[in-house]
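Now for the letters of each chain:
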Amino acid sequence: EEEALRSYQTALTFDKKQFPIWNQVLILEYQIGLWEELYNDSKSCLEYFSTMPIVYLLNGVSANLLKKPTQAVESLSVGKSLLVGDKRMEAEFYGQLGESYFQLKEIDSAKMFYKEAIQKDPESNLLKNNFAYRLATSKTEMELAMSLINQAITRSPSQANYYDTRGWIYFQQGKFDNAL
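Presented here is an overview of the structure given in this document. Everything quoted here is computed from the prediction, not taken from an experiment.

1. A word on the side chain of Thr-165
Here comes step 1: With respect to the element layout, Thr-165 can be found in helix α10 (residues 160–172).
Here comes step 2: Given the relative accessible area of 2%, Thr-165 is considered buried.
Here comes step 3: At a separation of 2.6 Å, a polar atom in the side chain of Thr-165 contacts the side chain of Asn-129.
Here comes step 4: Once residues within four sequence positions are removed from consideration, Thr-165 is found in contact with Asn-129, Ala-132, Tyr-133 and Ile-149.

2. Looking at the nonpolar core
Here comes step 1: Ranked by size, the top nonpolar core spans 50 residues in total, and within it Cys-45, Phe-93, Phe-131, Ile-149 and Ile-169 carry the most contacts.
Here comes step 2: In contact with Phe-93, other than residues within four places in its own chain, are Pro-53, Tyr-56, Leu-57, Leu-76, Gly-79, Lys-80 and Leu-83.

3. Examining the pattern of salt bridges
Here comes step 1: Within the structure shown, the criterion is met by 9 salt bridges.
Here comes step 2: Between Lys-68 and Glu-36 there is a salt bridge, with the nearest N and O atoms lying 4.0 Å from each other. Within this pair, whereas Lys-68 is found in the loop between α4 (53–65) and α5 (69–81), its partner Glu-36 is found in helix α3 (residues 35–48), the two being separated by 32 residues in sequence.
Here comes step 3: Note on Glu-36: relative accessible area 38%, which makes it partly exposed.
Here comes step 4: A salt bridge links Lys-120 to Glu-90; the shortest N-O distance between them is 3.6 Å. With Lys-120 in helix α7 (residues 107–120) and Glu-90 in helix α6 (residues 87–103), this residue pair connects regions lying 30 residues apart in the sequence.
Here comes step 5: One salt-bridge network, in which partners are shared between bridges, spans Asp-108, Lys-111, Lys-115 and Glu-141.

4. Re the packing of helix α1 (residues 2–14) against helix α2 (residues 19–32)
Here comes step 1: Here α1 crosses α2 at 150°, and the two axes come no closer than 9 Å. Relative to α2, the element α1 lies roughly antiparallel. Remark: the crossing between α1 and α2 carries left-handed chirality. Residues Glu-2, Ala-4, Leu-5, Tyr-8, Gln-9, Ala-11 and Leu-12 of α1 touch α2, and the partners they reach there are Ile-21, Trp-22, Gln-24, Val-25, Leu-28, Glu-29 and Ile-32.
Here comes step 2: For the contact of α1 with α2, a count of residues per class yields 10 nonpolar, 2 polar and 2 charged.

Rules of the game
- Residues numbered from 1 in each chain as written.
- Predicted model: local features only at pLDDT ≥ 70, side-chain atom pairs only at ≥ 80, totals over all residues.
- Heavy atoms only, no water.
- Helix = DSSP H or I, 4+ residues; strand = E, 2+ residues; numbered from the N terminus.
- Buried < 20%, exposed > 50% of the residue type's maximum accessible area, 1.4 Å probe, protein only.
- Polar contact = N/O pair within 3.5 Å; in protein donor to acceptor, adjacent residues only side chain to side chain.
- Contact = heavy atoms within 4.5 Å.
- Core = buried A, V, L, I, M, F, W, Y, C linked by side-chain atoms within 4.5 Å.
- Salt bridge = Lys/Arg side-chain N within 4 Å of Asp/Glu carboxyl O.
- Axes fitted to C-alpha atoms, helices over the stretch in contact; angles between N-to-C directions.
- Parallel < 35°, antiparallel > 145°, perpendicular 65-115°, else oblique.
- Left-handed = near helix turned anticlockwise from the far one by under 90°.
- Nonpolar A, V, L, I, M, F, W, Y, C, P; charged D, E, K, R; others polar.

Okay, structure coming up:
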C-alpha cells in the first residue's frame, strides 16, 4: 500500500486534475492511517474537485481523528449538502457529524446526528457501536447504549471491539464484574 501510495503521489505531480488518482491517494492514506496527510491532501483535492462528497467525508473523518471537530463540521456539512440519494453515505456523514459534536461537548446535537445516521442506515453495526461507545463515555442514555451494542453483537458476534464497547458501558455503569 505504501509503495502504491508513493506511485500515485508521483502521478499527481504530473497532473492534479485527474480525480481517479486523487481518489487512490486518499483511499490509501485512509487505509494506512495517515490522518494528517489525508487531511491536507483532501483539502488540496477539494481545490480541483469541490463537488465530490467523498472528499468532504474523508476530510471530515481525518479532521475528527486529528481532534479538529470545528473543521470537521464545516467539511461534513458542505459534503452532506452535495449528496443525492445515497443513504449509506449520508449515514456516514451524519455519524461523523455526531463524532464532531461529541468532541465539541455538544451532546444533544451529537445524539441527534447519530440517531439520524442510524435511521438512514439501520443495518450499520459500526454506527451503532460508535454511538454506544460515545453515549457510555458521556454517561448519557446508558440503556440506549446497551441496546445499540447488543444489536451489533447479535448481528456480528465475532467482532471483539463490540464486546469492548459493551464492557465499557458496564464499566461506566459501575458494573465491574459484568465489565470484566
